[in-house]
Amino acid sequence: MNTTHISGTRRRLLTGAGAVGAGAALLLALDACAADSGGAAASETASATPEVPDLKGLETAEEIWDALLEGNQRWADGEPVHPGTDTDTREALVEGQAPRAAVFTCVDSRVAPELVFDTGVGDLMVTRTAANTFDPLVSESVSYGPAALEAPLLVVLGHQKCGAVTAAHDALAAADAGEEAEDHGYALPEIVASLTPAYEAARTESGDPVDAMIAANVLLTVQALKEHPNLAELVADGALTVVGAVYSLETGLVTEIAA
Ligand SMILES: [Zn+2]
């Protein structure tokens, strides 16, 4: 394994906890990002023409996740190689697809998974909704890659400064205080309702309440997807790993917060 791999692995933070502790976990995770000294090593590797693993040839969730974190490190270092974006790759996929990971994330224009993980066409099956909120319709889409196409990894990716989480937090906090929610000229009642469990879970956390809510939402979503009828058996059999992570707009790094 090269140095990029090592730095990617080191960024992981396994909490093994439920929503409780989510805020602290996020803060620790972001600290870990800041303290990561793998950038120089990764740059050194990149300048020597790094070997970029072909996601399409990877089998296990662990090696696929490691490859995604390596791609994320390239993105964060400003050295993406945009693998699998050529005509040959596009043409080779005409007859069928076998994405190695499903990613469920926010609609935020700054959090495009194929860019953030430096992947190519056919690598990721992506579902995006505001703050990765879901309902039965959306969860069927999220489950499609693992259930129908045998993708062994599902990543739930929250992100720093999520506008939808912030709006839901502010609306729920105003309701708690008996105040009128601020009128933005648009309404997100379904999203606010969907994020209410994360708001409740993050209530007792110290630190920034929106950061805590973002992490809690990821953890609750990971748990719910593990229990989805299309996925529960795959998870129980070890054929599917569901990972929760948070993306930092500031550093460009993805940090695992639950697996
Ligand atoms: Zn967002």
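Quick note: structure is the one above.
Figured I'd write up the structure that's included with this text. (Residues numbered from 1 in each chain as written. Predicted model: local features only at pLDDT ≥ 70, side-chain atom pairs only at ≥ 80, totals over all residues. Heavy atoms only, no water.)

### Remarks on the pairing of strand β1 (residues 101-105)
Threshold: Exposure classes here rest on a 1.4 Å probe applied to the protein chains alone. A residue is buried below 20% of its type maximum, exposed above 50%, and partly exposed in between. A run of H or I in DSSP counts as a helix once it spans at least four residues, and a run of E counts as a strand once it spans at least two, with each numbered from the N terminus. Pairing between strands is defined by DSSP: at least two bridges between them are needed.
Of all 5 residues making up β1, 5 are buried, and the element is well covered by its neighbours. Burial of the side chains of β1 extends over both faces: Ala101, Val103 and Thr105 are buried on one face and Ala102 and Phe104 on the other. Here β1 pairs with strand β2 (residues 124-128) via 5 bridges, running parallel. Paired with valine 103 across the two strands is valine 126, which belongs to β2.

### Re the nonpolar core
Let me state the cut-off plainly: Residues belong to a common nonpolar core when they are buried Ala, Val, Leu, Ile, Met, Phe, Trp, Tyr or Cys residues joined through side-chain atoms within 4.5 Å. It only takes one pair of heavy atoms within 4.5 Å for two residues to be counted as in contact.
By size, the foremost hydrophobic cluster in this structure holds 21 residues, and its most contacted members are Trp65, Leu68, Phe117, Leu153, Leu157 and Val254. Mapped onto this core, the elements with two or more residues apiece are α4 (61-76), β1, β3 (153-159) and β4 (241-247). Among the elements that line this core, the one with the most residues is α4, at 6 residues. Residue contacts for leucine 68: discarding those within four places in its chain leaves Leu55, Ala101, Phe117, Thr119, Leu124, Leu153 and Val155. In terms of nonpolar packing, the next biggest core, distinct from the first, is built from 20 residues, Ala164, Ile191, Leu195 and Val210 among them.

### Notes on the coordination of the zinc ion
Quick note on the threshold: Metal-coordinating donors are taken as N, O and S atoms lying within 2.8 Å of the metal, or within 3.2 Å when the metal is Na, K or Ca; because water is left out, some sites can appear incomplete.
Within the first shell, the zinc ion binds the protein through Cys106 (SG), His159 (NE2) and Cys162 (SG), at distances of 2.0 to 2.3 Å. Here the donor residues of the zinc ion are spaced in sequence according to C-x52-H-x2-C. The residues histidine 159 and cysteine 162 share a single accessibility class, namely buried.

### Side note on the pairing of β4
Of all 7 residues that make up β4, 6 are buried, and the element is covered over most of its length. Examined bridge by bridge, β3 and β4 share 7 bridges and lie parallel to one another. Bridging from a neighbouring strand, glycine 158 pairs with valine 246 of β4. Bridge count for β4 against strand β5 (residues 254-258) is 4 bridges, and the pairing is antiparallel. Directly across from valine 246, in β5, lies its bridge partner threonine 255. Linking two consecutive strands that pair antiparallel, namely β4 and β5, is a turn of 6 residues; a positive phi of about 80° is found at glycine 252 within it.

Such coordinate-based values are descriptive only and should not be taken to indicate function.
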